[in-house]
Amino acid sequence: MTDEQIVSDLAVILNEVAGVDQSKVSAAKSFLDDLEVDSLSMVEVVMAAEDKFGVKIPDEEVKNLRTVGDAVAFIKKAS
Amino acid sequence: MSRRVVVTGLGALTPIGKNVSETWANALAGKSGIVKINQPWAEGLAAQIAGLVTVDPFEVLDRVSARRMDRSTQLGVIAVKEAWADAGSPDINKERLGVFFGTGIGGLSTVLEQYDILNSRGPDRVNPMTVPMIMPNSAAAMVGLEVGARAGVHSPVSACATSAEAIAGALEMIRNNRADIVVAGGTEACVNRLAIAAFASMRALSTRNEEPELASRPYDINRDGFVMGEGAGALILEEEQYAIKRGAKIYGVVSGAGMSSDGYHIAAPEPEGAGAASAMKFALTDANAKATDVVHINAHATSTPVGDIAEYKAMRSALGGALDNVVVTATKSMTGHLLGGAGAVESVFTILGLKEGLIPPTLNLDNQDEEIKVNVAKDKPFKLSSGANFALNNSFGFGGHNVCIAFSKN
């Protein structure tokens, strides 16, 4: 999968779970500060991402995923 | 009593209407909201009928907010939005705005859904919003967020007396000067396989599955239990002077509340209705009213064989001969039993009844139980006399909770 595809799939998940405008989702955006995804929503985003990309994202990794780009890098590495 | 409390906004989402005006019009028209539950999950249940809300909450509420609420909370928030808008969306200091809102059963449907996910997909797929969706104060808390209340958010839980108790609590909150406006009411949405099986297991539900519209028949000799309904009611209670100053529309006065407990049994009503009678007498005293002031009672009247008789005995004990001049109605004959939403929805009926001088008819009263000697509005709306000013709304809950709210037109 390309980075763009992963960002686009994450944008769909972020919209579904937290109502984030898909067009605002890009690699540089912070989940918390830019996209206002709170910690409970982030748990749900992680669940959906695990299902979508067939990866396991442990809690200790989640706290390192500050931006969408961090998540993309992790998903590429793990899949 | 220096701080009088008035009603300035109403909201209702019921099996007979998507809002107050539709619900009221259908109540006056004597329309039944009871239908056959045409879902595969209802197969094999003793009771397969219910009063269902036809609005899809996801079409009314913000989608992301709605998915973080159990259906019971969704219905409650929709009713509150209507009531709040009806009150003119008051621009109030939020430190003076409170909430008293409850549910009898709460987020049971979410419990079942997440339990299925737990078993089928494992613990790490349980939704992180499960706890906030199933806690009994969830509806109250979401209502509090909806209006931004900061004077206090409270959620009484007393089964089918819940939302009447919420109105009583809201009344006290304003009288005690903790708030100038309180959003009061309650909600329920537990029409699911477990809840119906469980209530049916108590033999509390009507099993007249082939004639859904005839199943809820309070006071009729052939009544065989209540019909579960879902829905919510909301009332904006407001200190009278505050309401007058801001030019609010005033529906009527919450003139008193009475509460008691049976101290008798976890589910059965005390057969002589002594506890319920106490609640009614307390409400009269609290409202500084006499038995002869009462022109109308919106009865709890769920259509169970024992409950309806116990309530009759309570009404007779509380009002004595004055009961003969009262017109009673049993609106659960149309809506079914909204459990935690019942007291609020029936308070909406009581207030509108006084204001418009029309009492909705009771359906299916073909042969009135001769033990229940009351005048019941039936066939068509009962027209109150022009001076009619004072009415009571009874709500009782499993556990022996008794609540009576007194309303007056002026």
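Residues numbered from 1 in each chain as written. Chains lettered and ligands numbered in written order. Predicted model: local features only at pLDDT ≥ 70, side-chain atom pairs only at ≥ 80, totals over all residues. Heavy atoms only, no water.

A. Molecular detail of the overall build of chain B. A tally of regular secondary structure across chain B gives 15 helices and 15 strands. For 410 residues, the compact-globule formula gives about 22 Å, and the C-alpha radius of gyration of chain B, at 20 Å, lands near that figure. If you line up chain B on its principal axes, its C-alpha atoms span 60 × 50 × 40 Å. By residue count, 61% of the 410 residues in chain B fall in the buried class. Only carbon and sulfur atoms are counted for the fraction: they give 52% of the accessible area of chain B, which is about 15100 Å². On chain B, the mean spot of the 36 positive side-chain charges and the mean spot of the 42 negative ones are 4 Å from each other. (Helix = DSSP H or I, 4+ residues; strand = E, 2+ residues; numbered from the N terminus. Rg over C-alpha atoms; globule rule 2.2 N^0.38 Å. Buried < 20%, exposed > 50% of the residue type's maximum accessible area, 1.4 Å probe, protein only. Areas by Shrake-Rupley, 256 points an atom, 1.4 Å probe, with all protein chains shown as cover. Lys, Arg positive; Asp, Glu negative; His and termini not counted. Charge placed at Lys NZ, Arg CZ, Asp CG, Glu CD.)

B. Inspection of the environment of glutamate 172 of chain B at higher detail. Here glutamate 172 of chain B lies in helix α8 (residues 162-175). Sequence spacing of glutamate 172 of chain B and lysine 373 of chain B is 201 residues, and the spatial spacing of their C-alpha atoms is 34 Å.

C. Representation of the packing of aromatic side chains in the model. Residue and element names in this part refer to chain B. According to the stated counting rule, one finds 3 aromatic pairs over all chains in the structure shown. Judged by centre distance (5.6 Å) and plane angle (75°), the rings of phenylalanine 199 and phenylalanine 226 are edge-to-face. With a gap of 27 residues between them, phenylalanine 199 in helix α9 (residues 193-201) and phenylalanine 226 in the loop between α10 (212-215) and β7 (231-239) connect regions that are remote in the sequence. Each of the two residues, phenylalanine 199 as well as phenylalanine 226, counts as buried. Pairing phenylalanine 199 with phenylalanine 398 gives two aromatic rings, centres 6.2 Å apart and planes at 35°, and the pair type is tilted. Pair noted here: phenylalanine 199 is in helix α9 and phenylalanine 398 is in the loop between β14 (390-397) and β15 (401-408), with a separation of 199 residues, a long-range link. For phenylalanine 398, a relative accessible area of 30% gives the class partly exposed. Grouping aromatic residues by their ring pairs yields a cluster made of Phe199, Phe226 and Phe398. (Phe/Tyr/Trp six-rings, centres within 6.5 Å; stacked < 30°, edge-to-face > 60°.)

D. A look at the interface of chain B and chain A. If you look at the interface, chain B gives 11 residues, while chain A gives 14 residues. Overall, the association of chain B and chain A removes approximately 1100 Å² of surface from exposure, summing both partners, and the carbon and sulfur fraction of that is 38%. Looking only at chain B, the three residues that lose the most surface to chain A are Arg67, Arg125 and Pro128 of chain B, adding up to 46% of its buried area. There are 8 salt bridges connecting chain B and chain A. Linking arginine 67 of chain B and glutamate 44 of chain A is a salt bridge whose minimum nitrogen-to-oxygen distance equals 3.0 Å. Applying the counting rule to chain B against chain A returns 11 residue pairs in polar contact (both at pLDDT 80 or more). Among the residues forming the side of chain B that touches chain A, the class breakdown is 4 nonpolar, 1 polar and 6 charged. (Contact = heavy atoms within 4.5 Å. Buried area = accessible area lost by both parts, 1.4 Å probe. Salt bridge = Lys/Arg side-chain N within 4 Å of Asp/Glu carboxyl O. Polar contact = N/O pair within 3.5 Å; in protein donor to acceptor, adjacent residues only side chain to side chain. Nonpolar A, V, L, I, M, F, W, Y, C, P; charged D, E, K, R; others polar.)

E. Inspection of the state of the cysteines at higher detail. Residues and elements named next belong to chain B. Scanning the model with the defined rule gives 0 disulfides over all chains in all. Cysteine 190 forms no disulfide, and the closest cysteine sulfur to it belongs to cysteine 160, at a distance of 8.9 Å. Residue classification places cysteine 190 among the buried residues on the basis of a relative accessible area of 0%. Looking at the unpaired cysteine 404, the closest cysteine sulfur is the one in cysteine 160, lying at 16 Å. (Disulfide = S-S within 2.5 Å.)

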